[in-house]
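Chain and residue survey
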Amino acid sequence: MQQDDEILDRTVRKNAPYDGPGKLTGSSHLRHGGHYELLVQDHFDAAHALPGYDGPCQYLHGHTWDVEVVVIGQHLDEVGMLYDFKDIKRDLHAVLENFDHRCINDVPPFDVISPTAEHLSRVVFYELEKTLPAHISLKEVGIWESPLAKVTYRP
């Protein structure tokens, strides 16, 4: 008998069904309309200098650049996903590899335009947008130059 009680104590016990305010009806999945937003993050390490800037950033210096990307869409696939996280992460990482451990001033188009976080967010946006399937839209690209400074590009 004691052995049965020990086995019972080790079994997974389920909570009783919730019956309070906000109890689920089970029909919320039938609603239509709206859209989904998917956010992924990545980062890269790179140096840059801002020619013409009046301050220390005119000189070569480095950052760990954190990047946030938001894609949007309305239609889910047969599994119930807007877009697989692994796919958008892969595509974002491929774009960012162009900058990782490089001097951004040497990477086109930054060999002719200033490598500001603003320009970088726009360039990443349009390069990443080329990789997305037709039913997905790129909403924004945010670039964190430091933990306290972020710029977001939205067309």
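First things first, this report covers the structure right here in the doc.

**Side note on the packing of aromatic side chains**
All told, the structure shown has 6 aromatic pairs when counted by the stated rule. Relative to Trp65, the ring of Phe44 lies with its centre 5.9 Å away and its plane at 5 degrees, an arrangement referred to as stacked. On the criterion of sequence distance, the pair formed by Phe44 in strand 1 (residues 36–48) and Trp65 in strand 2 (residues 61–73) is long-range, its members being 21 residues apart. Accessibility assignment for this pair places Phe44 and Trp65 in one class, buried. Ring centres of Tyr126 and Tyr153 lie 5.7 Å apart, and the angle between their planes is 65 degrees; on these two criteria the pair is classed as edge-to-face. Taken as a pair, Tyr126 in helix 3 (residues 117–129) and Tyr153 in strand 4 (residues 149–153) lie far apart in primary sequence, 27 residues in all. The class of Tyr126 is partly exposed, set by a relative accessible area of 33%. Among the aromatic residues, those joined into a ring-pair cluster are Phe44, Trp65, Phe99 and Phe110.

**Some thoughts on the pairing of strand 4**
With 5 bridges joining them, strand 3 (residues 137–146) and strand 4 adopt antiparallel strand pairing. For Ile143, the partnering residue across the bridge sits in strand 4 and is Val151. In sequence, strand 3 turns back onto strand 4 through a hairpin of 2 residues.

**Details of the pairing of strand 3**
Pairing analysis gives 7 bridges linking strand 2 to strand 3, with the strands arranged antiparallel. For Asp66, the partnering residue across the bridge sits in strand 3 and is Trp144.

**Details of helix 2 (residues 85–96)**
In a regular helix each residue adds 1.5 Å, so 12 residues correspond to 16 Å; helix 2 covers 16 Å between its end C-alpha atoms and thus fits that length. Among all positions of helix 2, only Asp87, Ile88, Asp91, Leu92, Val95 and Leu96 are buried. One side of helix 2 holds all its buried residues, which, seen down the axis, span an arc of 165 degrees. Where helix 2 is buried, its residues meet strand 1, strand 2 and helix 3. For helix 2, the side-chain oxygen to backbone nitrogen distance between the N-cap and Lys86 is 3.0 Å, and the N-cap itself is Asp84.

**Considering the nonpolar core**
Nonpolar side chains in soluble globular proteins tend to be buried together. One finds Phe44, Val69, Phe99 and Leu120 to be the most contacted residues of the largest nonpolar core, which totals 31 residues. Those elements that place two or more of their residues in this core are strand 1, strand 2, helix 2, helix 3, strand 3 and strand 4. Looking at which element gives the most residues to this core, the answer is helix 3, with 6 residues.

How each quantity is defined
Residues numbered from 1 in each chain as written. Predicted model: local features only at pLDDT ≥ 70, side-chain atom pairs only at ≥ 80, totals over all residues. Heavy atoms only, no water. Phe/Tyr/Trp six-rings, centres within 6.5 Å; stacked < 30°, edge-to-face > 60°. Helix = DSSP H or I, 4+ residues; strand = E, 2+ residues; numbered from the N terminus. Buried < 20%, exposed > 50% of the residue type's maximum accessible area, 1.4 Å probe, protein only. Pairing = 2+ DSSP bridges. Expected span 1.5 Å × (residues − 1). Arc of directions from axis to C-beta. Contact = heavy atoms within 4.5 Å. Polar contact = N/O pair within 3.5 Å; in protein donor to acceptor, adjacent residues only side chain to side chain. Core = buried A, V, L, I, M, F, W, Y, C linked by side-chain atoms within 4.5 Å.

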